[in-house]
Amino acid sequence: MKKIDRKDFLKIAGGAIAGSAVGTVFSGAPFISLQWLVEWTQDQHVPSSGLEKYLKGVCEICPNKCSISVRMIGERAVKVETSNSGCPFGQTSLQMLYHPDRITTPLKNTGSKGRAKFTPVTWDEAIKDISSKINGIIKSGKNDRIASINKERNLSSELLDRMVNSIGSNHSYYEPTLDTLTAGAVGGMLDYNFDDADFILSFGARLLEGWGDSASISKSFSRWKERKVKFIQVDSVCTRTASAADEWVPIKPGTEIFVALGIANHLIKKKGMGSGAADFGAWSAIAGEYTPEAASRLTGVPAKKIEELADALSRAKSPVAVAGKGGKAISSSSAEIIAVYGLNTIVKSRSVTTKQNVNFAGAAPIQTAAKFLAESKKCAGFDEFVKTKNFDMLIVNGADPVYKSVYGKELAAKLEKSFVVAIMPLVNDTAAYADYVLPSITSFESKTAAGDPVVKPVDGAIHAGDAVLRIAKMVEGLQQSFQWKSYTDLIALTGKTAGAAGFSFKGDILKKQLADLKKALGDANYSLSLVPIEAPVVGDGDGLAFPYAMKVLGSETFSSGKLYVQINRETAKKHGICNNESLKIITEKGKVGSVKALLTDSVSPDTVAVPMGFGHKFYTRYAEDKGVNPREIMNDKIDPLTGTASWLVTRVKLS
Amino acid sequence: MMKDMENKMKRRWGMAIDLDKCTGCGECAVSCAQENNLPIFEDDSDIPKKMTYLDVMRITNDRDAKFPDVKVAFIPKMCQQCEGNDPKNPQPPCVSVCPVVATDTGDDGVVSQIWSRCIGCRYCQVSCPYEARVFNWWKPKYEGSFKKSLNPDVSIASRGTIQKCTFCSHIWKKERDKAVMKGELDINAVLYTPACVSACPTGAMVFGDLNDPKSEVSRLARDNRAFRLVHTIDQKKPDEQKKFRAIKNFPNPKVYYLSSKQWIRDLMRFK
Amino acid sequence: MKKIIDYLKNEFNSYSKNIRITLMVLFALVAGFLIFGIQILFWGLGYTDMNNNFAMGIWIIGDLGLVALGGGAFFTGFILYIFRNDKLEPLINSTVLLGFMCYLFTFILLVFDIGQPLRAWFGYTYPNWGSHLMPQSMLTEVVWCLTLYFCVLCVELIPIALKHKILDSIPVLHYIGHYLHKLMWIMAAVGTFLSFFHQGSLGGGMWGVLYGKPTWFRPHYFFLAIVAATAGGTSFMLLIPKIAEKVMKKKVAPAESFQSLAKISGIMFIAYTIFRIYDIVVMSVKYVPLADRSFIDLWGGFFGIWLLVVELACCAGAIVLLNLKKFREQEKFLFYGVICGVVAVVFSKFDAVLHGFSVPNFPWKGFTGYFPTIQEWVVMLGSFATMALIYMWFAKYMPFFPHLEKEKHKEGGN
């Protein structure tokens, strides 16, 4: 055998190396390992699979309670199917359900209030501490210094009302909504039958932006299009509703009431129409001053247009004049609600009725309660309560008054000095001031009238109703009124309504509020009007916690961390403001900023349209520190009938 | 032979959106994001870099009008599923340009995209006249428990890849699989509804088969209120159209918009 | 270790002050290039100012510019080896190196620019070739052509490196170098063939096929880009040795070489300008109106018509200064002429990218802007700095300018 010399060895070795290199390349190994490298560096998440099924559920985002179908993959809910009958707010409920910032254990405040610094505690510990606090207040004879604020009427709010009232406090409140405002102004919640209506005249009610029952209005809206129902929107900004309406009647901001009075005047004087409701005489005497011409001067709407609207309203078979300015957040003076509702009674509309909520009966208040209930008067609304009353304890059920009320700052100051319990799934601006935050479950986790929960409740959270029950059971003397084991026993008992009556035109209110309004509109120091608008899905702020809301927002609302306010081009020219300029908005109360200017003629002159729902200080990592909250600087004049600040029009200037 | 005939694709998916009914509520976009596992960022307000398939565009005619004659409308815009001049041989602007065959037109006319094939050159994004393709500028994020609501039918894309609307064709595939389980082998047997269409609360969006003359979408596409987004060649006379199409392809989207408002049609033209 | 540092220190201090400052800036840029490069590769393109609307930016301008200017290598090689214009011989080494580096950094910038650099090889394994002889996607063509041409440039570069006195003393390498050099015309022919394609596809065809975008669509864009590359590339191949001459304060090539290349460049600029004017006319009367838009309305926003004005003005400058003998033979005007030429071609790329992307797609949207972030600038300038350093190294340590070597020998060595 030939000896392998050095040269041959090099040849063989070289060949082997070259061969294996070629072989490796052609085997595809380098490419596969590159693919692995790609995957490894990217750390791709693979959603786990499982048995697919669709579960029937009820969306409890709003009182409308749409029935929905939830697509399940194993135990995971992955999609809400609304089959063309839901609303965008319901579509975000999965983001609520699986929100990474959800609280899963009761939290106790540590450190100074308003910083949202909490430590987890057990349920027993929290309930024991809260109830002993309540017992202490009762013992010291300050029963009426316990108050509650609910986001909206539902099972848990009725339970909380019952608890607070049974202790002897009248101070159980709701955040201002369409229902609370109309109930305050006209004596009952307004129930519109939009499906029967053949002429809709909306006075700043942004029907398609979360107003009332979003889902059913959307349905009615598509039927209006099919039935060729005329839908006219009176508003100072071409909002989404105004854009979808058949006609947008642009007006000077805040002057909706004058349009209504002008129409009423025309109907009464020219058509000889009238209403049988109380105090109509006094009211129509004041309305008599607002001929269409006079109204035109105040509103900027041509007198002819006002007459046309009046004629159309009287001609229609079942016309509806819609009161309650705003979308998710509503603000109207009671005079305005009365005036618009009054139009319905003048034209004898069959499509608007009133109703009222009825709490479930059978409460047995504690012995000392009767005295307090008789002595301390309930305020007309929560804003009035914050402004005029002091309290030792506030139970917050899902609400966010620190953020949503014009009196947020005043409330925060009072919360710092009192004992605050917040029951909610996400820590919000109000919960930041809480001594205890109790985690509640969301709509898919609760049993409803429609059946079992869609998904298992997240560990550690319980139904808000259960939380109230657990507290109430520990309060001395209340056990008898709260004998239920769980909220599920109450599903059939709650949510009852009944007809309401007793509408009065209240001429004196009209007189006073018109005087105030005229004075405000004539304020030369603050020459512009701030008109809040609402961005889709964000609504009045609750939606911003759900990051998919941001997928909808365009550059006209919120872009690169800056909130955009819309200003009429002529007005901007007059004030020397150019597009994209940074601004501060100033009112008598203070200033917010900076925001950016978006010049567009889709807003009335002398108007600054500011998106609401931004500027949270604490409301999950997705909503915090985004934009500004205009409610900090809005009009805080409290309406005597609704007890709520009429903030929808605020006089401002820019800098 | 018979079987082949039966299994020939007949579908040509298209959409019609009635802008008179659209309220700009954004439910379509949220539903789309949920269905297609779109990433979740803490601050998603960098709009030009935002990952979203469906953009609800707010348009006003303040280019042509002044207060108080200004109007506003909302246009939900997703991938328009262009097909070029010849529907039988679809040539969307974006498909032929991809260097790595990451995007293709299916025989049902839907322009697909394979996230895991895409190298992220963004050439297709450049070619798209509707800004419908979006790029993962950052690594897609799904914070903690948000991962629980991810749809297993849509894979998660990597950073640096293009994603786009596919008319939710994974839903169709799922429906077809279900039909096959029941013994139905005809590929045309099932219809489906994309997430945005099934969410629309006013029923403004209609989805269906453009090849089926009886389907609602093809009826709406022929409606005299119908137009296509920034596709003004549709308004030219037939002989002029023919002349133009001989020179170059036109996108010919399969998404039709309907509006009774003249100003929206006027706004489709550049001035 | 200490020895190396001392050596580098001495070496550095042996240069004049201006050179030292230049070197410092260049090395700083290279360091920045490495740092920001890692950031971009590991954390993504979110750090750039590119977005879903302005999908390509400064790096693509860099790619287009580098390939067009580096294209001068193929054209100079083509004139030298195929047309046997031997006057260009003294410049060919510099030309080949410039071409090589331009293409190398085109690749590097492309790797930064794509979202998935680790998947870059998909271009070879899953090419979108379609059913025809020519690839369906212009980018597929670009990837393949660039790769092949890059290989050709590597082969062309080998003999230069082999001429180094240490390597040249090894007989085998000497012969390899010698024969490779003899075979160079084949390489030049292959390179020219390949280069024609990707010049056209990357510079023009890639944009010209985008029928959905009226700013770009034109069937002749492919050919326009080839002519642009021949004109601008030759200017660039002249400009760089001229700068080297200024820096080294030595004549790197005989004047007739420069004159010959300048003449070629000047003639090509006449061709280019005529073609470009034809292009503008055809765009405005034929192609843009197809999309129901007017050509002049496309020129708005920040990157407006001034790009076109600068480009045409520089074309005119290059034509006058490079074609008229009395200007061309004056050192100063020759210099201005080639700068005009390079700027004209770079601006034609600005026009394609900056202006092209800023045009709105919807009538209700406005023109958009694009302002590169620090990451984009540093990666871009860092690449240029690396190129400059490599060129300087070659100029100093390699037998790069044969003319210089000859001069050295005449002087009897250093």
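It should be noted that the structure appears before, not after, this text.
Bear in mind that the values here come from a model prediction, so they are computed numbers and not experimental data.

Visitor: What is the right way to look at the side chain of arginine 240 of chain A in this model?
Guide: Here arginine 240 of chain A is to be found in helix α9 (residues 240–244). Here arginine 240 of chain A occupies a buried position and makes no salt bridge, while the nearest side chain of opposite charge, glutamate 209 of chain A, is found at 4.5 Å. Not counting the four nearest positions on each side in its chain, arginine 240 of chain A is found in contact with Leu208, Glu209 and Pro536 of chain A together with Thr23, Gly24, Cys25 and Phe74 of chain B.

Visitor: How should I be thinking about the packing of aromatic side chains in this particular structure?
Guide: What characterises a pair of aromatic rings is the spacing of the ring centres plus the angle enclosed by the ring planes. Counting across every chain of the model gives 67 aromatic pairs over all chains. Ring geometry for phenylalanine 221 of chain A versus tryptophan 224 of chain A: centroids 6.3 Å apart, planes at 75 degrees, classification edge-to-face. Taken as a pair, phenylalanine 221 of chain A and tryptophan 224 of chain A lie in helix α8 (residues 214–227) at a separation of three residues, close to a single helical turn. Across the pair, exposure class does not vary: phenylalanine 221 of chain A and tryptophan 224 of chain A are buried alike. An angle of 75 degrees between the planes, with centres 6.2 Å apart, marks the rings of tryptophan 248 of chain A and phenylalanine 67 of chain B as edge-to-face.

Visitor: Would you mind showing me how to read the environment of leucine 202 of chain C here?
Guide: All names here are of chain C. By the element assignment, leucine 202 lies in helix α9 (residues 184–208). Note on leucine 202: relative accessible area 4%, which makes it buried. Expressed as a C-alpha distance, the spacing of leucine 202 and methionine 138, which sit 64 residues apart in the sequence, is 7.3 Å. The residues contacting leucine 202, other than those within four sequence positions of it, are Asp63, Leu64, Val67, Val142 and Trp207.

Visitor: I tried to follow the side chain of serine 446 of chain A on my own but got confused; where do I start?
Guide: Residue and element names in this part refer to chain A. Of note, serine 446 is situated in the loop between β16 (436–438) and α19 (464–474). Serine 446 sits in the buried class, given a relative accessible area of 5%. In terms of polar contacts, serine 446 uses its side chain to reach the backbone carbonyl oxygen of serine 443, at 3.2 Å. Other than its neighbours up to four places away in sequence, serine 446 contacts Glu60, Ile441, Asp452, Pro453, His463 and Tyr487.

Visitor: In this structure, what is going on with the pairing of strand β2 (residues 55–60) of chain B? I would like to understand it.
Guide: Successive side chains on a regular strand alternate, one facing one side of the sheet and the next facing the other. Residues and elements named next belong to chain B. Within β2, five of the six residues are buried, which leaves the element mostly enclosed by the surrounding structure. Note that β2 and strand β3 (residues 72–77) share six bridges and pair antiparallel. Note on β3: the bridge partner recorded for aspartate 55 is lysine 77.

Visitor: Sorry, what's going on with the interface of chain B and chain A here?
Guide: With 67 residues of chain B at the contact, the number on the chain A side is 71 residues. For the pair chain B and chain A, the two sides together bury roughly 5800 Å², of which 54% comes from carbon and sulfur. In this structure, the salt-bridge partner of lysine 551 of chain A is aspartate 44 of chain B, at a minimum N-O distance of 2.9 Å. For the pair chain B and chain A, the interface holds 36 residue pairs in polar contact (both at pLDDT 80 or more). For the side of chain B that touches chain A, the secondary structure elements donating two or more residues are α2 (27–35), β2, β3, α4 (169–181) and α5 (195–199) of chain B. Considering each element in turn, the side of chain B that touches chain A owes the most residues, seven residues, to α2 of chain B. Within the side of chain B that touches chain A, the residues separate by chemical class into 30 nonpolar, 16 polar and 21 charged.

Visitor: For this particular structure, what's the right way to read the sheet that holds strand β13 (residues 352–358) of chain A?
Guide: Where strands meet in a sheet, backbone hydrogen bonds hold them as pairs that are either parallel or antiparallel. Residue and element names in this part refer to chain A. Ordered by their spatial adjacency, three strands build an open sheet running β8-β13-β17, and the pairing between neighbours is antiparallel. What marks the edges here is a single partner per strand, and that holds for β8 (189–192) and β17 (496–499). Adjacent strand axes in the sheet meet at a mean angle of 45 degrees when their direction is disregarded. Taken together, the four bridges between β13 and β17 define a ladder with antiparallel strand orientation. Residue pairing in the sheet places glutamine 356 in a bridge with alanine 498 of β17.

Visitor: Any chance you could explain the environment of cysteine 98 of chain B here in plain terms?
Guide: Inspection of the secondary structure assignment puts cysteine 98 of chain B in the loop between β3 and β4 (103–105). Given the relative accessible area of 7%, cysteine 98 of chain B is considered buried. In sequence terms cysteine 98 of chain B and methionine 78 of chain B are 20 residues apart; their C-alpha atoms lie 20 Å from each other. Apart from the residues within four sequence positions on either side, cysteine 98 of chain B is in contact with Thr103 of chain B together with Asn128, Ser137 and Thr140 of chain C.

Visitor: Would you explain the sheet that holds strand β12 (residues 319–322) of chain A in this entry?
Guide: Residue and element names in this part refer to chain A. Strands sit in the order β11-β10-β9-β12 across an open sheet of four strands; the sheet is parallel. Edge positions in the sheet fall to β11 (247–250) and β12, since each of these pairs with one other strand and no more. Mean inter-strand twist for the sheet, computed between neighbouring axes without regard to direction, equals 15 degrees. Direction of pairing for strand β9 (residues 199–203) relative to β12: parallel, over a ladder of four bridges. Residue serine 202 lies in a different strand from β12, and its bridge partner there is valine 322. The strands touched by helix α10 (residues 256–270) within the sheet are β9 and β10 (230–235), with β9 carrying the most contacts at an inclination of about 140 degrees.

Visitor: Any chance you could explain the nonpolar core here in plain terms?
Guide: Nonpolar side chains in soluble globular proteins tend to end up buried together. Val437, Ile567 and Ile585 of chain A together with Met15, Phe167 and Met205 of chain B are the most contacted members of the largest nonpolar core, which totals 147 residues. Top contributing element to this core by residue count: α2 of chain B, with five residues. In this view, methionine 15 of chain B contacts Met78, Phe167, Pro194, Cys196, Val197, Met205, Val206, Phe207, Val217, Lys254, Val255 and Tyr256 of chain B; residues no more than four positions away in its chain are not counted. Within the second largest apolar cluster, 128 residues are counted, among which are Ile40, Phe100, Cys315 and Leu404 of chain C.

Visitor: Whenever I open this one, empty space enclosed by the protein confuses me. Can you help?
Guide: Think of a ball as big as a water molecule: rolled over the atoms, this probe shows where empty space is left. As enumerated under the stated definition, the model contains 18 cavities of 30 Å³ or more in all. Of the pockets and cavities examined, the largest cavity occupies roughly 270 Å³. Around the largest cavity, the lining is made up of 20 residues, and of these Val230 and His231 of chain B together with Gly212, Pro214 and Ala291 of chain C lie nearest the centre. Per-class residue counts for the lining of the largest cavity are 12 nonpolar, four polar and four charged. Taken as a whole, the second largest cavity encloses approximately 220 Å³ of empty space. Residue lining of the second largest cavity: 19 residues in total, with Arg240, Glu534, Pro536 and Gln566 of chain A together with Arg58 of chain B positioned closest to the centre. Elements that contribute at least two residues to the lining of the second largest cavity include exactly β18 (528–534) of chain A together with β2 of chain B.

Visitor: How do you make sense of the pattern of salt bridges when you look at a structure like this?
Guide: Any two side chains of opposite charge can pair, so long as their charged atoms come close to each other. By the definition in use, this model includes 58 salt bridges over all chains. Between arginine 621 of chain A and glutamate 143 of chain B there is a salt bridge, with the nearest N and O atoms lying 3.6 Å from each other. Here the residue arginine 621 of chain A occupies a position in helix α23 (residues 620–623), and glutamate 143 of chain B occupies one in the loop between β6 (134–135) and β7 (162–163), the pair thus bridging two chains. Overall, the relative accessible area of 27% leaves arginine 621 of chain A in the partly exposed class. Here glutamate 143 of chain B falls in the partly exposed class, since its relative accessible area comes to 22%. Its salt-bridge partner being glutamate 245 of chain C, residue lysine 242 of chain C comes within 3.4 Å of it at the nearest N-O pair. Of this pair, lysine 242 of chain C and glutamate 245 of chain C both sit in helix α10 (residues 221–248), separated by three residues, roughly a single helical turn. Each of the two residues, lysine 242 of chain C as well as glutamate 245 of chain C, counts as buried. In the salt-bridge network here, residues are joined through shared partners; they are Glu52 and Arg71 of chain A together with Asp153, Lys174, Glu175 and Lys178 of chain B.

What counts as what
Residue numbering note: each chain is counted from 1, following its sequence as written. Each chain takes a letter, starting from A, and each ligand takes a number, starting from 1, following the order in which they are written. It should be noted that, the model being predicted, local features are given only for residues of pLDDT at least 70 and side-chain atom pairs only at 80 or more, the latter also being counted only at that level, while totals for whole chains, interfaces and linings use all residues. In computing side-chain properties, one takes all heavy atoms of the structure into account and sets aside hydrogens as well as water. For the purposes of this entry, the term helix denotes a DSSP run of H or I that reaches at least four residues, the term strand denotes a run of E that reaches at least two, and both are numbered from the N terminus. For the exposure calls, accessible area comes from a 1.4 Å probe over protein chains only, and a residue counts as buried if that area is under 20% of its type's maximum, exposed if over 50%, partly exposed in between. Neither His nor the chain ends is counted toward charge; the positive residues are Lys and Arg and the negative residues Asp and Glu. In what follows, salt bridge is the name for a side-chain nitrogen of Lys or Arg lying within 4 Å of a carboxyl oxygen of Asp or Glu. By the convention used here, residues are in contact when the closest approach between their heavy atoms is within 4.5 Å. Two aromatic rings, drawn from Phe, Tyr or Trp (for Trp, its six-membered ring), form a pair once their centres lie within 6.5 Å of each other, and the interplanar angle then sorts them: stacked below 30 degrees, edge-to-face above 60, tilted otherwise. Pairs of N or O atoms within 3.5 Å make up the polar contacts considered here, provided that, within protein, one atom can donate a hydrogen while the other can accept it, and that residues adjacent in sequence are counted only when both atoms are side-chain atoms. We call two strands paired when DSSP finds no fewer than two bridges between them. The buried area of a pairing is the accessible area, by a 1.4 Å probe, that goes missing from both parts when the two are put together, added over both. Side-chain classes are defined by residue name, with Ala, Val, Leu, Ile, Met, Phe, Trp, Tyr, Cys and Pro counting as nonpolar, Asp, Glu, Lys and Arg as charged, and the others, Gly among them, as polar. Lines fitted to the C-alpha atoms define the axes, with helices restricted to the stretch that makes contact. Angles between their N-to-C directions range from 0 to 180 degrees. Here, the term nonpolar core denotes a set of buried Ala, Val, Leu, Ile, Met, Phe, Trp, Tyr and Cys residues that are joined through side-chain atoms within 4.5 Å. Grid spacing is 1 Å over the protein atoms alone, the probe is 1.4 Å, and a cavity is where that probe fits but cannot get out, while a pocket is an open set with protein on both sides within 12 Å along at least five of seven lines and lining residues have an atom within 4 Å of a point. Grid points are joined across faces, edges and corners, and a volume is the space filled by probe spheres set on the points.

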